[in-house]
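Observations on the model geometry
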Amino acid sequence: MIYCVFGLGNIGLLTSFFLRKENLFAISRRASECRETRMRIYFLSSGEESFSLNICSLETSVRCDVAIFSSKAYEVKDYIMGFKGRFDEAYCLQNGYGVWEEVKPYSTLNKAFPAPVTYGVKTRNGEIVVTGEGVYYLGGFRGEEPVHLDSLAKALINGGARVQVVNDVEPYVWQKLLVNSVTNPLTAVLKVPNGYLLKNKYLWKIAEEVIREVTDVARREGITFPEDPVIFVKRVLEATSSNYSSMLQDVMRGRKTEIEYINGFIIRKASEHGVNVPFNLILYYLVKSLENIISEVA
Ligand SMILES: NC(=O)c1ccc[n+]([C@@H]2O[C@H](COP(=O)([O-])OP(=O)(O)OC[C@H]3O[C@@H](n4cnc5c(N)ncnc54)[C@H](OP(=O)(O)O)[C@@H]3O)[C@@H](O)[C@H]2O)c1
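**Quick word on the sheet that holds strand 3 (residues 35-43)**
Here we have nine strands laid out as an open sheet, ordered 7-6-5-1-2-4-3-9-8, and mixed in their pairing. Every interior strand has two partners, whereas the edge strands, strand 7 (111-114) and strand 8 (120-124), have only one. Direction aside, the axes of adjacent strands within the sheet are offset by 30 degrees on average. Pairing of strand 1 (residues 2-6) with strand 2 (residues 23-27) involves five bridges; the strand directions are parallel. Residue Tyr3 lies in a different strand from strand 2, and its bridge partner there is Leu24.

**Digging into the site of the ligand**
Taken together, 23 residues lie around the ligand, and Gly7, Gly9, Ser28, Gln94 and Asn95 are the ones closest in. Residues that form the shell around the ligand fall into these classes: seven nonpolar, 11 polar and five charged.

**With respect to the packing of helix 7 (residues 201-220) against helix 11 (residues 278-297)**
Remark: helix 7 packs on helix 11, axes separated minimally by 8 Å, with the N-to-C direction vectors making an angle of 115 degrees. When the axes of helix 7 and helix 11 are compared, the pair comes out roughly perpendicular. The segment helix 7 lies against helix 11, with Ile206, Glu209, Val210 and Glu213 engaging Phe279, Asn280 and Leu283. Among the residues making up the contact of helix 7 with helix 11, the classes are represented as four nonpolar, one polar and two charged.

**Describing the packing of helix 7 against helix 8 (residues 229-239)**
Packing of helix 7 against helix 8 leaves a shortest axis separation of 10 Å and a crossing angle of 130 degrees. As summarised for this structure, helix 7 and helix 8 are arranged oblique, according to the angle between their axes. Helix 7 and helix 8 meet at a crossing whose hand is right-handed. Residues Ala207, Ile211 and Thr215 of helix 7 form the contact with helix 8, whose own contacting residues are Pro229, Val230 and Val233.

**Overview of the domain arrangement of the protein**
It is common to report an interface's size as the accessible area lost on association of the parts. Each assigned domain of the protein is listed here: domain 1 (2-167) and domain 2 (171-297). Listed as interface residues are 15 residues of domain 1 and, on the opposing side, 12 residues of domain 2.

**Here we look at unusual backbone geometry**
Here the phi dihedral of Asn125 falls at roughly 50 degrees; this positive angle occurs in a residue that is not glycine. Checked against the element boundaries, Asn125 lands in the loop between strand 8 and strand 9 (127-132). Judged by the 6 C-beta atoms lying within 10 Å of it, Asn125 falls in the exposed class. Of note in the backbone geometry, Lys191 takes a positive phi value of approximately 60 degrees without being a glycine. Tracing the backbone through its elements, the reader meets Lys191 in the loop between helix 5 (170-190) and helix 6 (196-199).

**Digging into the pairing of strand 7**
On strand 7, burial covers both faces: Lys111 and Phe113 on one face and Ala112 and Pro114 on the other are all buried. Note that strand 6 (residues 87-92) and strand 7 share four bridges and pair parallel. For Tyr91, the partnering residue across the bridge sits in strand 7 and is Phe113.

Procedures and definitions
Residues numbered from 1 in each chain as written. Predicted model: local features only at pLDDT ≥ 70, side-chain atom pairs only at ≥ 80, totals over all residues. Pairing = 2+ DSSP bridges. Helix = DSSP H or I, 4+ residues; strand = E, 2+ residues; numbered from the N terminus. Axes fitted to C-alpha atoms, helices over the stretch in contact; angles between N-to-C directions. Near = placed C-beta within 6 Å. Nonpolar A, V, L, I, M, F, W, Y, C, P; charged D, E, K, R; others polar. Parallel < 35°, antiparallel > 145°, perpendicular 65-115°, else oblique. Contact = placed C-beta atoms within 7 Å. Left-handed = near helix turned anticlockwise from the far one by under 90°. Domains from an automatic or database assignment. Buried ≥ 20, exposed ≤ 12 C-beta atoms within 10 Å, placed from the backbone.

Have a look at this one:
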């Protein structure tokens, strides 16, 4: 089984580490050829490990059984164009909703699945730091069954990852989407760590309204959350209270955000169902304004 991981940022490097014992091509837009590269990873629980990765450029001629897309959602198009028909099926690790639909037509089996990841990871001075141990959720989606799921799950587990195989991965996609649609825009606009949303009663009121809107849209989509939405969001905020959300980090670095795939998606779905989601809409406009300000300054 040949695995290709596309995009070697935080989550791409973590996933490549877990697949390091497999026939793996770790593909980066920044690479100019295939080269063995030594890397280091730190787990808060189990300490440090070094490992080798076969890092290749987009021009590599490999054909993969399983493609794993681990870039930002809006960057996935940079990889799929050149790899059309060169992978059986794909797993998309991005936050938000919908990337797999863009990837699907490029796979030979016309199969691409979301695979939400709850690990927290960052890279510091070229080293990978796992800040929160989590899970890779793997499963079918809307009645469609993956072909290589068992192999991928075994490979990730063999490399040390925690994996939960589920019949239907969609409720887990929505659960992550719910947390991101509350946490990301509010922390990005106010430039506060996640825990502030719980500590500040006015912010929590806004958070509750966003949760209510997302839960309503999810219900209309036929989704039942694996856990009570409010309790789940509170638990994640407590567990990540000192963290800066990925959207806040993107804004601070002057980068584009994934707002279109998070609150933008909720707004589009709400509109299809004829419901208003004013809190999501305001947060969406605020983050889009921030992106405009950033691009004007740059
Ligand atoms: N970080 C997390 O803890 C986490 C957890 C769950 C889900 N996610 C989701 O996973 C996706 C990827 O997030 P991420 O945190 O891994 O993003 P990231 O670290 O910003 O990486 C995004 C892309 O930027 C490129 N890149 C990385 N380092 C770079 C550098 N120093 N200079 C220039 N380009 C660089 C990489 O592509 P190339 O290698 O092709 O250049 C990479 O695929 C997002 O959808 C995010 O929401 C992240």
